[in-house]
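These are the residues of each chain, in order.
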Amino acid sequence: MLYCPRIKNGIAFTPNRDYDVCGVRDLNSSSKLGISSTSLNDFLNSDYRKNLIETADRGEWPKGCEGCFWLEHIGLPSSRQSEIEIEKAQSSPLVHFNSGSICDSDCSMCGPRWSTTIANRLKTHPDPTATFYTLGDDSIELPFDPASIQNLKDAIGQARRLKVLGGEPFLDKKLWNFLDQVANNNLTLIITTNGNTYPSQKQFKILDKFENVNLVFSIDGTGLTYEWIRQNLSYKTVVKNYLKLREDYKCSITAVAQAHNLLNLKELAQAFKNVSFVPLTHPALLSIRNAPDWAIETALEQTQDILELQTILKASRSAKPTHDLDALVAHTEYLNGHRTHYFNTKEWMVQHRR
Ligand code: SF4
């Protein structure tokens, strides 16, 4: 048997506005049961959910759970394993949803579906090198038809934890009106934020209505590395906000290890003691395995005392056959044209061809 608390009792509202059991499953495998046309009970009793449970009970990984499978395969903790730990602390079940695409950041590994800033950039400067998103991908909004809102509220009524991703949640006014309605002192709120926006007084009041608040900061580098990956954001501001909010809320940092921060990982780990590193898997073009061999070897040497990074780097090195440095350089040069400073791909290429 493959036990996953999310398969047993999780509820997610996907960006496509379908139900699923978990927000980290592959979107293509979601239920296709629309949240505006399907009641929560119908989803809970659906064949889709029964099949997932039966597949896991047989000890097989359901289609769509490849992310967890891969992390566990390379020896890193998966969402499934984290959920098992959380369940022991009696904080299940979880409801997970994306609020919408309003975002002030133009992150290199993100797309128009998740950021209005990227959608705007692509309208005026189409990206000929990206194959990992569709230029016409729609922005999304918190669903405001009454049936979807009611189903979302019903699901939250059964939950102990509510996890919200964006866009950037602190910029989404509709989201905060909604959170104000569902906040209660039996519910833990988990928000993934880019950290560039300090909460307003109104947002603080809403946060304080929840039993617990966990703020997960996405910080993928230090200084200029951070600001290249997360164009438009200020490293200094994000760090200041993180340090201030940490005084009153549980705050953690997640960093996505990828080709563009490979040689900055050590500095990032030194800057913050509590960073959780996860390998970038999508878009695969920007993953570490497409970086030059010498850069991976250098990062391995630099991070010898950080087990999590050694695991990610060694797994990336062994996945090397799929490596496509030329495509990564072409895409990086496109991004360089839309950033305030330059990522030096010449160094990659020169060293690569030696
Ligand atoms: S195995 Fe992982 S991806 Fe699949 S439902 Fe569980 S937590 Fe989600």
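For the structure itself, look to the data block above.
Please read all numbers here as calculations on a predicted model, not as lab measurements.

**Student:** Can you help me understand the nonpolar core in this one?
**Tutor:** Most often, soluble globular proteins keep nonpolar side chains buried together rather than apart. Counting 69 residues, the largest nonpolar core has V95, A255 and A257 as its most contacted members. Taken domain by domain, the makeup of this core includes at least three residues from each of domain 1 (1-11 + 18-77) and domain 2 (93-352). Other than its neighbours up to four places away in sequence, A257 contacts L265, F277, V278, P279, L280, I288, L309 and I312. Membership of the second largest hydrophobic core comes to five residues, among which are I102, C103, W114 and L171.

**Student:** Any chance you could explain helix α5 (residues 79-88) here in plain terms?
**Tutor:** For an α-helix, 3.6 residues make a turn, and residues three or four places apart therefore share a direction. Listed in full, the buried residues belonging to α5 are S79, R80 and E83. All buried residues of α5 fall inside an arc of 100 degrees around its axis, so they share one side. Seen from the buried face of α5, the exposed residues on the opposite side, beyond 90 degrees, are E85 and K88. In this fold, the buried residues of α5 make contact with α1 (5-9) and α4 (66-74). A positive phi of about 60 degrees marks Q90, the residue just after α5.

**Student:** Can you help me understand the environment of I312 in this one?
**Tutor:** Within the secondary structure layout, I312 lies in helix α14 (residues 307-318). A tally of 26 C-beta atoms within 10 Å means that I312 is categorised as buried. Separated by 120 residues in sequence, I312 and T192 have C-alpha atoms that sit 22 Å apart. When neighbours within four sequence positions are excluded, I312 is seen to be in contact with L76, A257, F277 and P279.

So, how was this worked out
- Residues numbered from 1 in each chain as written.
- Predicted model: local features only at pLDDT ≥ 70, side-chain atom pairs only at ≥ 80, totals over all residues.
- Core = buried A, V, L, I, M, F, W, Y, C linked by C-beta atoms within 7 Å.
- Buried ≥ 20, exposed ≤ 12 C-beta atoms within 10 Å, placed from the backbone.
- Domains from an automatic or database assignment.
- Contact = placed C-beta atoms within 7 Å.
- Helix = DSSP H or I, 4+ residues; strand = E, 2+ residues; numbered from the N terminus.
- Arc of directions from axis to C-beta.

Keep in mind these values describe shape, not function.
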